[in-house]
Amino acid sequence: MGKVKIGFVFIFLMLSSMVFSQSSSDGNWIKIAEKMIAFKSDKDVVTPSGNEKKVDKIKIKCIQGTLKLKKVRVEMSDGERKEFDARGVGVLTKGMSSLAFTLPGRNNKLRKIELEYDSVGALLVTKKAKVEVLGRRSDN
């Protein structure tokens, strides 16, 4: 019975890692921003420009180190704001991506993104975390 449980846990972890490890070249995903993260709780604001504003979904990809994503807040061109609770994403390590967050409104442009997170690690032992914010180009 113990082997069966371990088998199910292993399959679950494999499927979970496939969902989180999508690359930025999937579909119409473009890099909106890249950010180095300090070893503390932090908030960062990202302001996209040009074609980066016309996206309908965003996701966060860890490209170095480890971080714990807490919240993602977005503001659209019409002033509409939305907050996503990202605690369910868990800890992101190198190569892992969060699930995609669907942005509010139609024919709307992304004005800014605020990320709230904790970097995981120790100053002298591990590398600082580095993330990319990816956006999926909208068809409109």
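Reference entry: report on the structure contained in this document. Just so it is clear, the model here is predicted, and its values are computed rather than measured.

Our next topic: the overall build of the chain. From N to C terminus, the chain includes one helix and nine strands. In sequence order, the secondary structure elements of the chain are arranged as α-β-β-β-β-β-β-β-β-β. The buried share of the chain, taken over its 140 residues, is 34%. Within the chain, residue pairs in contact and separated by at least 24 positions form 82% of the contacts whose partners lie at least 6 positions apart.

With that settled, consider the pairing of strand E8 (residues 110-119). Within E8, eight of the 10 residues are buried, leaving the element largely enclosed by the surrounding structure. The pairing of strand E4 (residues 66-76) with E8 spans nine bridges and is antiparallel. Considered in E8, the bridge of Val74 is made with Ile113.

On to the environment of Ser138, then. Relative to the elements of secondary structure, Ser138 occurs in the segment after strand E9 (129-137). Separated by 85 residues in the primary sequence, Ser138 and Lys53 place their C-alpha atoms 9.4 Å from one another. Among residues more than four places away in sequence, those in contact with Ser138 are Lys54, Val55 and Asp56.

Quick look at the pattern of salt bridges now. For the structure shown, the criterion picks out 13 salt bridges. Here Lys130 and Glu34 are joined by a salt bridge, their closest N and O atoms 3.3 Å apart. Of this pair, Lys130 sits in strand E9 while Glu34 sits in strand E1 (residues 29-37), and the two are 96 residues apart along the sequence. What makes Lys130 partly exposed here is its relative accessible area of 23%.

Among the nonpolar cores identified, the biggest contains 27 residues, and Ile32, Ile58, Leu67, Val72, Leu110 and Ile113 are the most heavily contacted of them. Counting residues per element, the ones that place at least two in this core are E1, strand E3 (55-64), E4, E8 and E9. Of the residues forming this core, the biggest block, five residues, is contributed by E4. Apart from residues no more than four positions distant in its own chain, Val72 is found in contact with Ile58, Ile60, Lys82, Glu83, Phe84, Ala86, Phe101, Ile113, Glu114 and Leu115.

Moving on: the sheet that holds E3. Pairing within the open sheet is antiparallel, and its four strands lie in the order E1-E9-E3-E7. Unpaired on one side and paired on the other, E1 and strand E7 (101-102) mark the two borders of the sheet. As paired strands, E3 and E9 are joined by eight bridges and run antiparallel to one another. Looking across to E9, one finds that Ile58 is bridged to Gly135.

Cut-off values and rules
Residues numbered from 1 in each chain as written. Predicted model: local features only at pLDDT ≥ 70, side-chain atom pairs only at ≥ 80, totals over all residues. Heavy atoms only, no water. Helix = DSSP H or I, 4+ residues; strand = E, 2+ residues; numbered from the N terminus. Buried < 20%, exposed > 50% of the residue type's maximum accessible area, 1.4 Å probe, protein only. Contact = heavy atoms within 4.5 Å. Pairing = 2+ DSSP bridges. Salt bridge = Lys/Arg side-chain N within 4 Å of Asp/Glu carboxyl O. Core = buried A, V, L, I, M, F, W, Y, C linked by side-chain atoms within 4.5 Å.

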